[in-house]
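Observations on the three-dimensional arrangement
Here is how the chains run, residue by residue.
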Amino acid sequence: MDVSFKRPIDEKCVVLPVFGALIHDYAYEGPCRFGNKDELTHEFDEMAAAAGLKAFNEKLVDKLSGPDIELMDTVFAANSDEFNLLQDTIGEIEALKGRFDAILLDGNPMPFWAREVYQHFDCPILIHTDTGAITMSEVCDAHNRGYDNVYATLYWDDVRDRLRCIKVMKALAHTRTLKMIRHESDLYLTDDFEVAADFGVSARSVNLHEVVDQLDRSDGFNNHTLPERRAYNLSKDEEAEAEKIADELLDGAKDVFMDRDKLLKSVRFNVLTRKLMKHFGCNSFTAQCKECCATTRLNHEQVTFCLGHSLNNEAGIPSACEGDMNALHAMVVMMCLSRKAPYQSNTTPVVIEDGEIYGAMWFSPHECMDEYPNKLYCTWHATPNRKMHGFDLDDEYGVGPFAANAGFGATIRYDFNDHIGEEITMMRFNPAGTRMLVYKSKIVGGTGYDRYGCPEGPYFPLKDRDGAFMEQNEFGDHTALVYGDYRKDLKLLAEMMKIEYVEFTD
Amino acid sequence: MEYNMGPGRRDRALEHRYETAEKEAKKIAKSLNSEPHPTFDEFETAIRSYIRIRMLLEPEDELPDSLNVLGQMNLSRALGVSIPELSSIDMEAKCGGTSAVMTKKILLIMALNRDLDIYLTPEEAAETTKLSMLVERLYRLYERSRNR
C-alpha cells in the first residue's frame, strides 16, 4: 500500500555547507606567510579560493549524496587579511535559518567568524578542514565557551556519519505514532511518555473498539462506537488491495500453515491501520496487546496485530508491539541507521540451572545450548519480516497463525536456523532516554519457526551474558534487531544525543 | 615554486630556465597582440606554443587536454622525474594549501591574463579544466577586448 505520509526513513538531514577562504589584499611574507611572490598575490588567492570551492562542491556530492542527506547550496565566506568578512556571511546564513539542520564548515574558516556562526546558530556545526589545526582550535574554543554542538570531523566518513545521526534525531522528533489502546494504562510493559517527550516523538491514541468496528464490511455509517459519524471502514479498492496482499503473501511463502481467509483478516486490519495513520497524520504504529486481547473482540474478529507490524516495518513504517513506545523509538533508530526493517522482540537470557532451562516452553531445543551453556540469549516474538537484510532484499518466509486453537492471527514465520553465523545488532533506550543499550552478536541457532504464538527468534551468545541481563533490567525487555554490526553508528548517535552508550558483545 | 622548495634547495639553473621560458612566452604573446584580428586557429597555435614554453615542455611533447596532467608534466620536466615519481618528491609547503598542480594552473592563467590583457575570472578559471576549453574561453575574451 502506498503511503502518503513522510516516513521516518524519508527524513533528510539538510546541511548548509559553508566554505571559508582567506584572500590576502597584498603580496608579502612574514611570520604567517611564505612563498613565491606570484603565489602571494590577491589574484592568486582569489583563483585558489574559487578552485577550492569548486573542488569542495564536487566532494560534497561525491561523499554525501544519498537518501539521508540533502545538500543546500554552499555559502562562500571569504575574509581579507584584515580579518574582516568580505560579504555578510552571517546575514546570508541567517536568511536561511529554519531550512537547515546542520552547518558544515570547510576550507579555511577563520576563527573570528566561525565563532559568530556557532554563537548565532544552535544547530550542530561540523568543522572539517585540511590539517586539522583550524578544526582543533575552533572546536576547542567552542567547547570551552560551552557550545557543545560543535563537532570536529577527520574523514569525510565522519561528516557523513554525523549528518546521518542528525537525520535519525530529526526522524525521531518527527515520529508521530498511532497507538491503538483499550484505555491508557501501564498495566503491562513500559509505557514511556517521558522518553517520547525528550526525543520529540508524540503519540495519539485510537480506541480498539472504534478500530474493530471499522473492520466491518460496511460504508462506515452507523458504526456502534461512532454512531453519528462516518467512520473509515475499508472501501472497495482497499478491500481489493487486501486481497492482493494476501495472495502475494501466500504465493511467496515457503510454507503456509494457515487458511487464506484467516490470513486475509490480518491483512485487512493492516490496510485499515494504514488508512487511519494517514487520516490522523501518523507515520508509525503501535498497539496494546494485553489490554486489547482481554476485551475478547480480537478473538471474535480473529485478528492479531503481528502481520500488520511486519508489513508496516517492511514498508519502512516503524511498528512496535504491545504499546511499547520505548521499543518504537528503537525501531525508528535502527530502521533509519540500517535501512533495514527491524524485528522487535522479547530479548531474554536462556538460563540453564540444575540441568533445566528456565522458560523451556519458549525455546526449541538446539545444540547451541550445549555449545554456549549459560552464554545464550534469545530474542523472540512474532513479528519478523522479509526485509531484515534490507528494503531491497527478500528473505525466505512462511505464513502461520498466532492462535493455536482457531488458527487466526497471521504471522510471518522466519527460520533463523537458515542464518547461522550472521551478525546481528539490537538496541533499546532506557525509560528516561538517557542511556542506550546495544547487543552485538551472531546467530548460532533459531527457534519457533513452526510454532504458534510468539516464540520465534535467533539464539545468540554474549560474553558477559549474566552481566548483560542485569544491565538490561535498567532498560526493559524489547529490543529492535537488524542484521549487521551497527555499533559504530549507534555509539556515534549516543554521543550526539548526549546519552550513555552501553554495549555487550559476543 | 619547485626551484626554491626549501633552504639549501634553491635550484638556480631551474629558476633560470623559468625566467628564460617566461621571456620567450611573452614574445609569443606580444607577437599575437600585434596581429589585428587573429583567427581562432592562429590564436590557438600561439597559445599552445606559449603554454608549451612556459611549462618547459619539449616540442615533441604532446600537450594533454587535461590541465591537471599539464601541471604534472610541467613539474615532471622541471624536476627531472616521471609523473608517477612526483608523489615521492619532498615538495614545498604552501600556506594557502593549494596543491603543486593547482598552483601551476593558477599561475598559468594569471600569466595569460596579464600577457593577453584579458580577465578570466576566478570562477571561470575554476570551471576550466581542459586546455581546449581554456583556449576557447581565452579567445572569446580576447576578441571581446579587441572589439572594445
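Structure first, text after, so check above.
What you see is a predicted model; the values in this text were computed from it and never measured.

This paragraph deals with the overall build of chain B. Secondary structure summary: chain B contains 6 helices and 0 strands in total. Across chain B, helices and strands are ordered from the amino to the carboxyl terminus as α-α-α-α-α-α. Compactness check: chain B gives a C-alpha radius of gyration of 16 Å against a globular reference of 15 Å for 148 residues, within 12% of the reference. Burial analysis of chain B (148 residues in total) assigns 46% to the buried set.

Helix and strand counts for chain A stand at 16 helices and 23 strands. Principal-axis analysis of the C-alpha atoms gives chain A an extent of 90 × 60 × 40 Å. Across the 506 residues of chain A, 58% fall into the buried class. The contacts of chain A with a sequence gap of at least 6 include a subset with a gap of at least 24, amounting to 74%. Surface accessibility of chain A: about 20,800 Å² in total, with carbon and sulfur atoms responsible for 50%. When the 53 positive and 85 negative side-chain charges of chain A are each reduced to one mean point, those points stand 4 Å apart.

Listing the buried residues of helix H16 (residues 487-497) of chain A in full gives A:Asp489, A:Leu490, A:Leu492, A:Leu493, A:Ala494, A:Met496 and A:Met497. A:Lys498 sits one or two positions beyond H16(A) and adopts a positive phi of about 60°.

Moving on, we come to the environment of A:Val211. Residues and elements named next belong to chain A. With respect to the element layout, Val211 can be found in helix H7 (residues 208-213). Here Val211 falls in the buried class, since its relative accessible area comes to 1%. The sequence separation of Val211 and Leu493 amounts to 282 residues, and the corresponding C-alpha distance is 36 Å.

Moving on, we get to helix H9 (residues 260-280) of chain A. Residues and elements named next belong to chain A. Counted at 1.5 Å a residue, the expected span for H9 with its 21 residues is 30 Å, and the 30 Å between its end C-alpha atoms agrees. Of all the 21 residues making up H9, 15 are buried; the element is thus mostly covered by neighbouring parts of the structure. Taken from the residues just after H9, Gly281 is the one with a positive phi, measuring 70°.

Our next topic: the side chain of A:Arg428. Residues and elements named next belong to chain A. Of note, Arg428 is situated in strand S18 (residues 423-429). Residue Arg428 is classed as buried on the basis of its relative accessible area, which comes to 1%. Among the polar contacts listed, one links the side chain of Arg428 to the side chain of Asp324, at a separation of 3.0 Å.

A few words on the sheet that holds strand S16 (residues 398-401) of chain A. All names here are of chain A. Read from one edge to the other, the open sheet built from 3 strands follows the order S9-S16-S17, with strand pairing classed as mixed. Edge positions in the sheet fall to strand S9 (255-256) and strand S17 (410-413), since each of these pairs with one other strand and no more. With 2 bridges connecting them, S9 and S16 associate as parallel partners. What sits directly across from Val256, in S16, is Val399.

All names here are of chain A. The backbone of Thr296 shows a phi angle near 70°, a positive value even though the residue is not glycine. Along the chain, Thr296 falls in the loop between helix H10 (290-293) and helix H11 (297-301). Look at Glu322: it is not a glycine, yet its phi comes out positive at around 60°.

Okay, the interface of chain A and chain B next. Accessible area lost upon the coming together of the parts is a frequently used measure of interface size. If you look at the interface, chain A gives 15 residues, while chain B gives 21 residues. Of the roughly 1,600 Å² buried between chain A and chain B, counting both surfaces, carbon and sulfur atoms make up 68%. Of all residues in chain A, the largest losses of buried area upon contact with chain B belong to A:Phe44, A:Met47 and A:Lys54, amounting jointly to 36% of the total for that side. One can count 0 salt bridges joining chain A with chain B. Taken together, the connections running from chain A to chain B amount to 1 residue pair in polar contact (both at pLDDT 80 or more). For the side of chain A that touches chain B, the residue count by class is 7 nonpolar, 2 polar and 6 charged.

Residues and elements named next belong to chain A. Across the sheet, 4 strands lie side by side as S8-S7-S10-S11; this open sheet has parallel pairing. Since the sheet does not close on itself, it has two edges, and those belong to strand S8 (202-207) and strand S11 (319-320), each with one partner. Bridge analysis of strand S7 (residues 176-181) against S8 gives 6 bridges, and the strand direction is parallel. Within the sheet, the bridge partner assigned to Arg176 lies in S8 and is Ser202.

It is a probe the size of a water molecule, rolled over the atoms, that shows where empty space is left. Residue and element names in this part refer to chain A. Of the volumes computed, that of the second largest pocket is approximately 530 Å³. Taken together, 25 residues make up the lining of the second largest pocket; nearest its centre are Cys289, Lys290, Glu322, Phe402 and Cys454. Elements supplying a minimum of two residues to the lining of the second largest pocket: H10, H11, helix H12 (306-314) and strand S12 (343-349).

This part is about the pattern of salt bridges. Residue and element names in this part refer to chain A. The full count for this structure, using the stated rule, is 47 salt bridges over all chains. With its nearest N and O atoms 3.6 Å apart, the salt bridge here joins Lys6 to Glu11. For Glu11, a relative accessible area of 5% puts it in the buried group. Among the ionic pairs, Arg465 bridges to Asp466, the shortest N-O distance being 2.8 Å.

Residue and element names in this part refer to chain A. Using the criterion set out here, one finds 22 aromatic pairs over all chains in the structure. Their ring planes at 65° and their centres at 6.4 Å tell us that Phe269 and Phe285 sit as a pair that is edge-to-face. Of this pair, Phe269 sits in helix H9 while Phe285 is found in strand S10 (residues 284-287), placing the two residues 16 residues apart along the sequence. Overall, the relative accessible area of 2% leaves Phe269 in the buried class. A network of ring pairs unites the aromatic residues Phe19, Phe56, Phe76 and Trp156 as a single cluster.

So, about the nonpolar core. Core analysis: the biggest nonpolar cluster contains 51 residues, and A:Leu104, A:Leu163, A:Val333, A:Met427, A:Met436 and A:Leu490 have the highest contact counts within it. At 10 residues, helix H13 (residues 325-338) of chain A tops the list of elements feeding residues into this core. Setting aside anything within four residues of it in sequence, one finds A:Leu104 in contact with A:Val15, A:Leu16, A:Pro17, A:Val18, A:Phe56, A:Leu60, A:Leu64, A:Leu126, A:His128, A:Trp156 and A:Val159. Counting 42 residues, the second-largest nonpolar core is a separate cluster that includes B:Met1, B:Leu67, B:Ala78 and B:Leu134.

So, on to the side chain of A:Lys262. Residue and element names in this part refer to chain A. The residue Lys262 is located in helix H9 in this model. Comment: no salt bridge for buried Lys262; closest opposite-charge side chain is Asp259, at 4.2 Å. Within the structure, Lys262 has its side chain in polar contact with the backbone oxygen of Ala406 (distance 3.1 Å).

Calculation rules
- Residues numbered from 1 in each chain as written.
- Chains lettered and ligands numbered in written order.
- Predicted model: local features only at pLDDT ≥ 70, side-chain atom pairs only at ≥ 80, totals over all residues.
- Heavy atoms only, no water.
- Helix = DSSP H or I, 4+ residues; strand = E, 2+ residues; numbered from the N terminus.
- Rg over C-alpha atoms; globule rule 2.2 N^0.38 Å.
- Buried < 20%, exposed > 50% of the residue type's maximum accessible area, 1.4 Å probe, protein only.
- Contact = heavy atoms within 4.5 Å.
- Areas by Shrake-Rupley, 256 points an atom, 1.4 Å probe, with all protein chains shown as cover.
- Lys, Arg positive; Asp, Glu negative; His and termini not counted.
- Charge placed at Lys NZ, Arg CZ, Asp CG, Glu CD.
- Expected span 1.5 Å × (residues − 1).
- Polar contact = N/O pair within 3.5 Å; in protein donor to acceptor, adjacent residues only side chain to side chain.
- Pairing = 2+ DSSP bridges.
- Buried area = accessible area lost by both parts, 1.4 Å probe.
- Salt bridge = Lys/Arg side-chain N within 4 Å of Asp/Glu carboxyl O.
- Nonpolar A, V, L, I, M, F, W, Y, C, P; charged D, E, K, R; others polar.
- 1 Å grid on protein atoms, 1.4 Å probe; cavity = no way out; pocket = protein on both sides within 12 Å on 5 of 7 lines; lining within 4 Å.
- Points joined across faces, edges and corners; volume = space filled by probe spheres on them.
- Phe/Tyr/Trp six-rings, centres within 6.5 Å; stacked < 30°, edge-to-face > 60°.
- Core = buried A, V, L, I, M, F, W, Y, C linked by side-chain atoms within 4.5 Å.

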